[in-house]
Structures are given as structure tokens and as C-alpha cells.
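# Summary of the model geometry
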Amino acid sequence: MLTLASAVTGGLHLADTTAPAAPTWQLIVAAVVGIATIVLLITWAKIHPFLALIIGSGVLAAVAGIGVVKLFDSFTAGLGSTVGSTGVLIALGAIIGKLLIDAGGADQIVDTILAKTPAQRVPWAMAVAAFIIGIPLFFEVGVVLLIPVVMIVARRAKVNPLLVGIPALAGLSALHGLIPPHPGPLLAIAGLHADLGITLGLGLLVAIPTVIIAGPVLARILVRWVPLAPPTHVLGVAETTDTDRKRPSFGVSIGVVLMPVVLMLIRAVFDVTKTQTSGIGSVFEFLGEPLVALLLTSLVALFAFGLAVGRTRAQLQDLVGSSFLPIAGILLIVGAGGGFKQTLVDSGVGGVIANGITSAHLDPLLAGWLVAVFIRVATGSATVATITAAGIMAPIAAGLDPTQAALLVLAVGAGSVFLSHVNDAGFWLVKEYFGMTVGQTFKTWSLMETVLSVVAGGVVMLLGLVI
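For the structure given in this document, a descriptive report is provided here.

Thresholds, definitions, all that
Residues numbered from 1 in each chain as written. Predicted model: local features only at pLDDT ≥ 70, side-chain atom pairs only at ≥ 80, totals over all residues. Heavy atoms only, no water. Salt bridge = Lys/Arg side-chain N within 4 Å of Asp/Glu carboxyl O. Helix = DSSP H or I, 4+ residues; strand = E, 2+ residues; numbered from the N terminus. Buried < 20%, exposed > 50% of the residue type's maximum accessible area, 1.4 Å probe, protein only. Axes fitted to C-alpha atoms, helices over the stretch in contact; angles between N-to-C directions. Parallel < 35°, antiparallel > 145°, perpendicular 65-115°, else oblique. Left-handed = near helix turned anticlockwise from the far one by under 90°. Contact = heavy atoms within 4.5 Å. Phe/Tyr/Trp six-rings, centres within 6.5 Å; stacked < 30°, edge-to-face > 60°. Nonpolar A, V, L, I, M, F, W, Y, C, P; charged D, E, K, R; others polar. Expected span 1.5 Å × (residues − 1). 1 Å grid on protein atoms, 1.4 Å probe; cavity = no way out; pocket = protein on both sides within 12 Å on 5 of 7 lines; lining within 4 Å. Points joined across faces, edges and corners; volume = space filled by probe spheres on them.

### Describing the pattern of salt bridges
- Per the counting criterion, the structure on display carries five salt bridges.
- For Arg311, the salt bridge identified is with Asp102, shortest N-O distance 2.9 Å. Placement of the pair is Arg311 in the loop between helix H14 (290-304) and helix H15 (313-323) and Asp102 in helix H5 (residues 73-102), with a sequence separation of 209 residues.
- A residue is classified by how much of its surface remains accessible, and Asp102, at 21% relative accessible area, is partly exposed.
- Between Arg376 and Glu449 there is a salt bridge; the shortest N-O distance is 3.3 Å. With Arg376 in helix H18 (residues 364-379) and Glu449 in helix H22 (residues 438-466), the pair connects residues that are 73 residues apart, well separated along the chain.

This is the structure:
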């Protein structure tokens, strides 16, 4: 494992090639003021994160001594490159997720898993179901899709809904923080110049024990602390199914969802074994490229979740168009976050902070986790936490080997889901769905997120010692 000192020594060339805009003390002040501006605008002034990130970037650049004319040059460059790379992948993932839900593929996966699961194993089954169908879905979409299923299962089994709900939420949250093509991991991969395939493989390795501990295991404890009665209704949703509607099979649904993951993992195997230039290796080097893998999966989804279940071409066109509406805000935040990250790097702030972390002799994985935790708790946004931490840790990541860079991405992702509380929309979403008080939500959802973050961070650091 590389030490932090060697990582920074090898990784500060980017910052060193451009002279800092101001003395070190001024750059430190610029970082503090810029980040504080974003935090205050989001939490106190209730400004949308997109606007907060633009303003914070401008404030940081101004305090760092960048001239007024060039105040937003780095921001616009970072925004363009981020949307041009990460934004396209998010859009393709949204298409797959929309088609999966509309065709009933997600329902088919959940129903099949639950039908083959003994009653005492239902919490584990919900964790597996959430983990699988959450791959192409954004966290909020996964919650809205799965929680009604959780409530129906809890009502039928006459159990505390937290017993099956916490495992499902843990599965969704782990994917949200650790597994591409979710926005956070994609942003960290781009910002830290990590390999997506290696990150995906290691992310799955980290996520599995994390979900087990923060999901089914923790749920057994939480139901004793918060004894909720079995639900009698599901937020006004009737428990009915459309038996006349043709669904894709379980095998087809699982196959399409896992297709981009498998392609990217195979590519990573060829890369790690240095056989990517062989005949079959070069094929998967192309097919496993994230853009290609998600584009191919989108085309397969159009057939499997569209034409094959009776959708017309016109209906598919409308479905694809409607899949972009929910992610408009996400894309804006992602783009603005890329702009803020680039401002951190170009102003020299990232290099100064990296040197400060080096002086403190912190392990780079621990440092990345701590930075993400701080921003997450302050802003309530996992995406903002990931973006900011990636910008700060970028100079360090430049000196790491591909495996360590991937682990740094996962450390940042783990820190980005720490302690969801009242400044996080997910906190209120879970509270309302489960009908809990604020105190109960802290003792369940917030604690689960904290355990998930700590366990994932711990697993990442253990891997860093042995890989």
C-alpha cells in the first residue's frame, strides 16, 4: 500500500504545473470560505445546491485571488467536462431504470425472490432485491418503488416494517454510495481519475458485507428499539396487481439489469490481467467501456422491456423522453459539482489541502472518508459531499496506483452517506413512509446510514492494507 507521503509526492504534479493564485494561507481561507458559503446557502438560506455550488465556486475563486474576468473559467470547464462524461452515463441509466419499472421488471424481480423465500429469511430477501433492482435506479426512485412492497410484505407477515425495510434501505444506500453507474461513484471516479471497472469490482466486494451488517443484522436490533406495529395501509396505495399486463420474465429482468455490470467487470478482469490487447480482450475492452456498456443495455432494454411486452415505438419514445425529467436537477447538481471541483484544483486549493493532510500523516483512505463525512453532515447531500471530497483529494489520487485510487473512490463514497439527518431529503422521505417520529427516524434510518458508512469505510481500509 502506498503511504500518503509517497502518494502526494507523486501526485502533486498537476497542482505544481500551475502556480497557485495566492499564498498558502489565502488558499486555505478560500477553501474554508467557499465550502462554508455552499453549506450556509444550502442549509440556512435553502438555496438549491446547483445555485449554491455556482456561488460557492465564485466566492472560492475570488478569495483565492483569481481575477474577476476569469472568475468562472474553471467552473464552466469543469461543468462541461462532467456533464459530457458522467452526465451521459446518468442519462442512460435513467432510461434503463424507467423501462424496467414501466414494464414491471422490478416487480417481477421482487415477487420472484419473495415467493421463493421462507418467512424467516424475508429481510435477507429484501436486501437482495433492493441490491439488484437498485443498480440502474436512483436512490429516491428505489425508495418510492420498494417501500410499498416492504409495507405489503410486513402487513402480510404481521411484523414490524423496519424488519424488512431496513435491509431494503441498506441495499439501496450502499449502491447509491459505492456502485457505479450511480451519480456519486461516477463523479468520484471522474474526479479522482480511477478505473471504473476496478472500482465496480471492489465496490461490490465492499458492499456485500456492508449490506449484511447494516441491513438484516442491524434490523433485528432496531425493531427492539422502535417497535412499530404492522402496517394497515401503504400510503393510500391499494394492494392490487394487473394480471392482464404482460411482464418480462425474471431471467430477462435480471439479465438486463446486470448486463452493464457484467460487461464492465469482464473488462476490468482483462485490464488487471494485462490481456486486454488479445482477441477476446480487445472485444470486451470495447464492450466494457462504460458508455458502450450502458448504451448497449439501453438498446436491449428497449426491446426486452418495450417491444417484447407490447409497447409501440411511439410509447417507447415517450417513455425515454419522460425518463429525463426526474434527472434534470441531478444533472445540474452533478455539473455544478464538477465545476466546483475544477475550481478547487485550478486555484491550487486542492494541492494546499493535500499538503496539509500529508503533514497530519493521515492515511489517504481515512482522509477521503473524513472529508466526505464532514461535508455530508454539513450539507445533507451525498452528491455534494462526494464532489467536494473528490476535488480536495484529487492531487493525492494522482500518485496512487489504480487499485488504491479505486479504494479512495469507495472511501469517499462511504463517507458520503454518513448520518443522514434533518437536512437530508431522504430522512423525511423515510420518516413519512414508515410513519415514524423524528426521534424514531434518528434511531433507525440515521443510525443505519451511520453504521453503513462506518462499516463500508472500515472494509475499504482493510482492503487497502492487503491489496
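The rest of the description comes next.
### Structural notes on the packing of helix H11 (residues 196-225) against H22
- The geometry of H11 relative to H22 is characterised by a closest axis approach of 9 Å and an angle of 150 degrees between their N-to-C directions. When the axis of H11 is compared with that of H22, the two are roughly antiparallel. Here H11 runs over H22; the crossing is right-handed. Contacts from Leu205, Val206, Pro209, Thr210, Ile213, Ala214, Leu218, Leu222 and Trp225 of H11 reach H22 at Lys443, Thr444, Leu447, Met448, Val451, Leu452, Val455, Ala456, Val459, Val460 and Leu463.

### Points about the packing of aromatic side chains
- Per the counting criterion, the structure on display carries four aromatic pairs.
- When the centroid spacing of 6.0 Å and the interplanar angle of 10 degrees are considered together, the rings of Phe270 and Phe284 count as stacked. In this pair, Phe270 sits in helix H12 (residues 250-272) while Phe284 sits in helix H13 (residues 279-287), placing the two residues 14 residues apart along the sequence. Accessibility assignment for this pair places Phe270 and Phe284 in one class, buried.

### Examining the packing of H5 against H14
- Contact geometry of H5 with H14 gives a least axis separation of 9 Å together with a crossing angle of 25 degrees. Considered as vectors, H5 and H14 are oriented roughly parallel to each other. For the crossing formed where H5 meets H14, the hand is left-handed. Residues Val88, Leu89, Leu92, Ile95, Ile96 and Leu99 of H5 form the contact with H14, whose own contacting residues are Pro290, Leu291, Leu294, Leu295, Thr297, Ser298, Ala301 and Leu302.
- A breakdown of the residues in the contact of H5 with H14 according to their chemical character gives twelve nonpolar, two polar and no charged.

### Side note on unusual backbone geometry
- The phi angle at Lys46 is positive, at roughly 60 degrees, despite the residue not being glycine.
- In this fold, Lys46 is placed in the loop between helix H3 (24-43) and helix H4 (49-63).
- The exposure class assigned to Lys46 is exposed, which follows from its relative accessible area of 65%.
- Phi is positive for His193, which is not a glycine, with a value near 55 degrees.

### Overview of H4
- Under the 1.5 Å per step criterion, the end-to-end length of H4 is 20 Å for 15 residues, consistent within 8% with the ideal 21 Å.
- Those residues of H4 that sit buried are Pro49, Ala52, Leu53, Gly56, Ser57, Gly58, Leu60 and Ala61.
- Positioned one or two residues after H4, Gly65 has a phi angle of 95 degrees, which is positive.

### Notes on empty space enclosed by the protein
- Scanning the entire structure with this criterion turns up three cavities of 30 Å³ or more.
- Roughly 40 Å³ of internal volume is contained in the largest cavity.
- Forming the boundary of the largest cavity are Gly93, Ile135, Pro136, Leu137, Phe138, Pro181 and His182.
- Residues belonging to the lining of the largest cavity are distributed by class as follows: five nonpolar, two polar and no charged.

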